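Descriptive structure summary
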Amino acid sequence: FDIFNQTWQTAGETFPVFDWTHMNAIDYNAIQDAIYISSRHLSKIVKIDQVSRQVIWRMGFDQGSIFPNSFPNYNNFSEIQPTYSDGSPASFTFQHGLQVLDNGNIITLDNGNLSKLTWNQSQSNKSRVIEIAIDELNNTAEIVWEYILPDSLYGDLSGNAQKLYNGNYFVT
């Protein structure tokens, strides 16, 4: 979904303009019996209950809220917006990669195609690796670790990040 246009090749010429949406990453948590999917173009990570096949929550940049009258059924599910510890917004956009840790935290590479509109106040978009802690009881999410890549490593189209068993993060 490309509400700002020019962030990806679109599949339509008139509003609303939609992308060819695909899932770019998937992970399974056996402890929770849940499937996690990442849709880069929707800037969303979604948790689905394996047994009931129901969406538990969605997380990411809420592009649909910009024009709420155009998307009347958009908020059918629980929507979690990531924040920093001080409560300021930290939504990711056009993310790549998805790793669900045993503690339920999520690792992803936030390509940051819209970061100057979401979490970043600079004039340019930036990519970062983030670890997100999810609190399903309170329907909240918090960035508990991040590494913002130097401007020379901004990557709007691809990449991946994962946390290794020794606690280090591997970024490609």
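Since this is a predicted model, take the numbers as computed values, not measurements.

This part is about the sheet that holds strand E9 (residues 128-135). Pairing is mixed in the open sheet, where five strands are placed in the order E6-E10-E9-E8-E7. Lying at the two open borders of the sheet, with one neighbouring strand each, are strand E6 (82-83) and strand E7 (96-100). Where strand E8 (residues 106-110) and E9 come together, five bridges link them in antiparallel fashion. Considered in E9, the bridge of Ile107 is made with Glu131.

What follows deals with the packing of aromatic side chains. This model, assessed by the stated rule, comprises two aromatic pairs. Taken together, a centroid distance of 3.6 Å and an interplanar angle of 0° make the contact between Trp145 and Tyr169 stacked. Pair noted here: Trp145 is in strand E10 (residues 140-148) and Tyr169 is in strand E12 (residues 169-171), with a separation of 24 residues, a long-range link. The ring of Trp119 is capped by Arg128, whose NZ or CZ atom sits 4.0 Å from the centre of that ring.

Turning to the nonpolar core, a few remarks are in order. Counting 18 residues, the largest nonpolar core has Tyr36, Trp57, Met59, Ile106 and Ile132 as the members making the most contacts within it. Elements supplying a minimum of two residues to this core: strand E2 (34-39), strand E4 (55-60), E7, E9 and E10. In terms of nonpolar packing, the next biggest core, distinct from the first, is built from seven residues, Leu101, Val129, Ala161 and Tyr169 among them.

Mapped onto the secondary structure, Asn29 falls in strand E1 (residues 25-29). Polar side-chain contacts of Asn29 include one of 2.8 Å to the backbone nitrogen of Gln32. Discounting residues that sit within four places of it in the chain, Asn29 has contacts with Ala34, Tyr36, Val100 and Leu101.

Attention now moves to the pairing of E8. In terms of burial, E8 is largely enclosed, as five of its five residues are buried. Residue alternation in E8 divides its side chains into two sets, Ile106, Thr108 and Asp110 and Ile107 and Leu109, and both sets are buried. The pairing of E7 with E8 spans three bridges and is antiparallel. Its bridge partner being in E8, His96 is matched across the sheet by Leu109. Counted along the chain from E7 to the antiparallel partner E8, the turn is five residues long, and its residue Gly104 has a positive phi close to 95°.

Rules of the game
- Residues numbered from 1 in each chain as written.
- Predicted model: local features only at pLDDT ≥ 70, side-chain atom pairs only at ≥ 80, totals over all residues.
- Heavy atoms only, no water.
- Pairing = 2+ DSSP bridges.
- Helix = DSSP H or I, 4+ residues; strand = E, 2+ residues; numbered from the N terminus.
- Phe/Tyr/Trp six-rings, centres within 6.5 Å; stacked < 30°, edge-to-face > 60°.
- Lys NZ or Arg CZ within 6 Å of the ring centre and 35° of its normal.
- Core = buried A, V, L, I, M, F, W, Y, C linked by side-chain atoms within 4.5 Å.
- Buried < 20%, exposed > 50% of the residue type's maximum accessible area, 1.4 Å probe, protein only.
- Polar contact = N/O pair within 3.5 Å; in protein donor to acceptor, adjacent residues only side chain to side chain.
- Contact = heavy atoms within 4.5 Å.

Purely geometric stuff here, so don't read any function into it on its own.
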